[in-house]
Amino acid sequence: MHRKKPPLGVFVYFLIAFALGTYFTFAAVQGDYGLFSRATIEAEASELQAQLDALNGEIAVMENLTRRLSDTYLDLDLLDEQARSVIGLLRSDEIVIR
């Protein structure tokens with residue numbers, strides 16, 4: 001009995017299938033939309049979310065100070081504090097020690 005060699009076409013078919021499988025596996029892990037890119041994007045998104053939260057906190061503080069110095073609601077203590085820090089205003093009965 002003679003053992004028949006597998007045809008060359010079968011070998012080429014499996015070689016192409018292996019190459020495509022390898023390519024798609026590599027693209028799924030390291031490509032533009034792969035697992036490593038997704039992890040990088042998620043880390044960057046969480047960092048940007050933290051920055052956004054910090055900025056929203058600063059905005060809330062600024063809005064509070066602005067409201068407290070508005071015409072409809074005037075906080076005299078805040079106004080006095082601002083006048084002292086910005087202009088260097090002092091009352092006549094105060095003494096400055098440096």
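### Regarding the overall build of the protein
Working step 1: Each helix and strand in the protein was counted, giving 3 helices and 0 strands.
Working step 2: Its C-alpha atoms put the protein at 120 × 35 × 15 Å along the principal axes.
Working step 3: Burial statistics for the protein: of 98 residues in total, 5% are counted as buried.
Working step 4: Side chains of the protein give 9 positive and 14 negative charges; the mean places of these two sets differ by 22 Å.

### Comments concerning the pattern of salt bridges
Working step 1: For the structure on display, the rule yields 2 salt bridges.
Working step 2: Here arginine 68 and aspartate 75 are joined by a salt bridge, their closest N and O atoms 2.6 Å apart.
Working step 3: Look at arginine 68 and you get partly exposed, because its relative accessible area is 22%.
Working step 4: Aspartate 75 gets classed as buried once you look at its relative accessible area, which sits at 16%.

### What about the environment of leucine 15?
Working step 1: Tracing the backbone through its elements, the reader meets leucine 15 in helix α1 (residues 8–30).
Working step 2: Residues leucine 15 and threonine 25, spaced 10 residues apart in sequence, show a C-alpha to C-alpha distance of 15 Å.

### What about the packing of aromatic side chains?
Working step 1: According to the stated counting rule, one finds 2 aromatic pairs in the structure shown.
Working step 2: Here tyrosine 13 and phenylalanine 14 contribute two aromatic rings whose centre-to-centre distance is 5.5 Å and whose plane-to-plane angle is 70°, an arrangement assigned as edge-to-face. Like tyrosine 13, the residue phenylalanine 14 is exposed in the burial classification.
Working step 3: Ring plane angle 65° and centroid distance 5.3 Å describe the contact between tyrosine 23 and phenylalanine 24, whose orientation is recorded as edge-to-face. Across this residue pair, the class does not change: tyrosine 23 and phenylalanine 24 are exposed.

### Comments concerning the confidence of the model for the protein
Working step 1: Confidence in the prediction of the protein, expressed as mean pLDDT, is 87, and 97% of residues score 70 or more.
Working step 2: Mean pLDDT across the secondary structure elements of the protein bottoms out at helix α3 (residues 76–87), with 80, and peaks at helix α2 (residues 35–68), with 94.

### A look at the side chain of aspartate 75
Working step 1: Within the fold, aspartate 75 resides in the loop between α2 and α3.
Working step 2: Of note is the side chain of aspartate 75, whose polar atom sits 2.6 Å from the side chain of arginine 68.

Rules behind the numbers
- Residues numbered from 1 in each chain as written.
- Predicted model: local features only at pLDDT ≥ 70, side-chain atom pairs only at ≥ 80, totals over all residues.
- Heavy atoms only, no water.
- Helix = DSSP H or I, 4+ residues; strand = E, 2+ residues; numbered from the N terminus.
- Buried < 20%, exposed > 50% of the residue type's maximum accessible area, 1.4 Å probe, protein only.
- Lys, Arg positive; Asp, Glu negative; His and termini not counted.
- Charge placed at Lys NZ, Arg CZ, Asp CG, Glu CD.
- Salt bridge = Lys/Arg side-chain N within 4 Å of Asp/Glu carboxyl O.
- Phe/Tyr/Trp six-rings, centres within 6.5 Å; stacked < 30°, edge-to-face > 60°.
- pLDDT = per-residue confidence, 0-100.
- Polar contact = N/O pair within 3.5 Å; in protein donor to acceptor, adjacent residues only side chain to side chain.

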